[in-house]
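Chain by chain, the residues:
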Amino acid sequence: MQNAEAGKVYLTGAGPGDPGLLTVRAHCLLATADVVLHDGLVDAAILQLAGAQTRVVSVAKRAGDKSITQPEIDALMIQEARAGRSVLRLKVGDPLLFGRAADEIHALRQAGIPFEIVPGITAALAAAAALESPLTARDASSGVLLLAGHRAGRTEGEHRYFRLPENLASATLALYMPGSDYAGLAHDLAASGLPPETPCAVISQCSLPGQQMVRLTLAELTSHPALPAPALVMVGRVFAETEPLGL
């Protein structure tokens, strides 16, 4: 396995949280990189795998709080790489899914900095494993939609107005960053044609020691208290506990 190279940036997925779900490539880069720039949701147990020589820097962004900006993160990656250091840009889940990777790829290309993208296990896959439910099934789901349930600037109670396909009932939905307004989510899903009895599940802190999960219906989601972040809301017939599925 090739170690992290000087002057190069690695956009790397840390997986859903459990260090055991890191890829071998990500583990190797953690052990050999000069600098790790990590998101706030990357679990501490993963950061402990960094090498003794590695400088670990949080570049956490929090909605509504004063924190580091995306352009500042881009500049920091470029600065460290130009100084001849190997840089591990560590993102929770997969780096290409809801991780602003497009901004960072553009910045690195513009600066002429070599980079590599290292995939990670995204939370929807870990959530399905925790629920012991498939994401696709011959008799229940012919596809999977990965959606962001959060929209910047949305006020509590304001609906998101999802644009979803007409055959929604034949798909499995994974709603990332659902926020705390489950009633708003349920409203949008119902407005898209899903019946109240549609099976759902909410997974909090997936794969971590504090993992919580609950199975419920779309109607019950409306009044269910929000679980701690990070969380996913999973929706679809595949999550019905009693329905036999053709895999």
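Scroll up to find the structure.
Residues numbered from 1 in each chain as written. Predicted model: local features only at pLDDT ≥ 70, side-chain atom pairs only at ≥ 80, totals over all residues. Heavy atoms only, no water.

Draft legend 1. Expanded view of the side chain of D94. With respect to the element layout, D94 can be found in the loop between β4 (87–91) and α4 (101–111). Buried charge D94 goes without a salt bridge, the closest partner of opposite sign being K91 at 9.6 Å. Separated by 2.8 Å, the side chain of D94 and the backbone nitrogen of L96 make a polar contact. A polar atom in the side chain of D94 sits 3.1 Å from the backbone nitrogen of G120. (Helix = DSSP H or I, 4+ residues; strand = E, 2+ residues; numbered from the N terminus. Buried < 20%, exposed > 50% of the residue type's maximum accessible area, 1.4 Å probe, protein only. Lys, Arg positive; Asp, Glu negative; His and termini not counted. Salt bridge = Lys/Arg side-chain N within 4 Å of Asp/Glu carboxyl O. Polar contact = N/O pair within 3.5 Å; in protein donor to acceptor, adjacent residues only side chain to side chain.)

Draft legend 2. The sheet that holds strand β9 (residues 212–217), seen in detail. The strand order β6-β7-β10-β8-β9 describes an open sheet built from five strands, whose pairing is mixed. Each end of this open sheet is capped by a strand with a single partner; those strands are β6 (143–148) and β9. Averaged over all pairs of adjacent strands, the angle between strand axes in this sheet comes to 15°, irrespective of strand direction. Two elements, β6 and strand β7 (residues 171–176), share six bridges in a ladder whose sense is parallel. Within β7, the residue paired with L147 across the bridge is L175. (Pairing = 2+ DSSP bridges. Axes fitted to C-alpha atoms, helices over the stretch in contact; angles between N-to-C directions.)

Draft legend 3. Spatial organisation of a nonpolar patch on the surface. A contiguous nonpolar surface patch, about 310 Å² in accessible area, is contributed by F98, V144, L146 and M177. With respect to the element layout, F98 can be found in the loop between β4 and α4. (Patch = residues over 30% accessible without salt bridge, like charges linked within 9 Å, V, L, I, M, F, W, Y side chains within 5 Å. Areas by Shrake-Rupley, 256 points an atom, 1.4 Å probe, with all protein chains shown as cover.)

Draft legend 4. A look at the pairing of strand β10 (residues 231–235). Within β10, five of the five residues are buried, which leaves the element mostly enclosed by the surrounding structure. A two-sided burial pattern is seen for β10, the buried positions comprising A231, V233 and V235 on one face and L232 and M234 on the other. Pairing between β7 and β10: four bridges, direction antiparallel. Residue pairing for β10: Y176 is matched across the bridge by L232. Both strand β8 (residues 199–204) and β10 contribute to a ladder of five bridges, which runs antiparallel. Across the sheet, residue A201 finds its bridge partner in β10, namely M234.

Draft legend 5. Fine view of the pairing of strand β2 (residues 35–38). Side chains V35 and L37 project from β2 onto one buried face, and the interleaved V36 and H38 project onto a second face that is buried too. Here four bridges tie β2 to strand β3 (residues 55–58), and the two strands are oriented parallel to one another. Residue pairing across strands places H38 opposite S58, the latter belonging to β3. Where β2 lies against β4, four bridges are found, and the strand directions are parallel. Looking across to β4, one finds that L37 is bridged to R89.

Draft legend 6. View of unusual backbone geometry. P230 follows A229 through a cis peptide bond whose omega is -5°. Its identity as a non-glycine residue notwithstanding, M177 has a phi of 50°, on the positive side. Notably, Q205 is not glycine yet its phi reads approximately 50°, a positive angle.

Draft legend 7. Examining the environment of D139 more closely. Mapped onto the elements of the fold, D139 is located in the loop between α5 (123–131) and β6. Residues D139 and V238, 99 residues apart in the sequence, show an inter-C-alpha distance of 8.9 Å.

Draft legend 8. Geometry of the nonpolar core. A124, L131, Y176, I203, L232, M234 and F239 are the most contacted members of the largest nonpolar core, which totals 18 residues. Counting only elements with at least two residues in this core, the list comes to α5, β7, β8 and β10. The element contributing the most residues to this core is α5, with six residues. Setting aside anything within four residues of it in sequence, one finds L131 in contact with A201, I203, M213, R215, M234 and F239. With 17 residues, the next largest nonpolar core counts L37, L76, I105 and A111 among its residues. (Core = buried A, V, L, I, M, F, W, Y, C linked by side-chain atoms within 4.5 Å. Contact = heavy atoms within 4.5 Å.)

Draft legend 9. Up close: the sheet that holds strand β5 (residues 115–118). Across the sheet, which stays open at both edges, the five strands sit in the order β3-β2-β4-β1-β5 with parallel pairing between neighbours. The open sheet has two edge strands with one neighbour each: β3 and β5. Averaged over all neighbouring strand pairs, the angle between strand axes comes to 20°, with direction disregarded. Pairing analysis gives five bridges linking strand β1 (residues 9–13) to β4, with the strands arranged parallel. Its bridge partner being in β4, G13 is matched across the sheet by K91. Running at roughly 150° to β4, helix α3 (residues 70–82) makes contact with β1, β2, β3 and β4 of the sheet.

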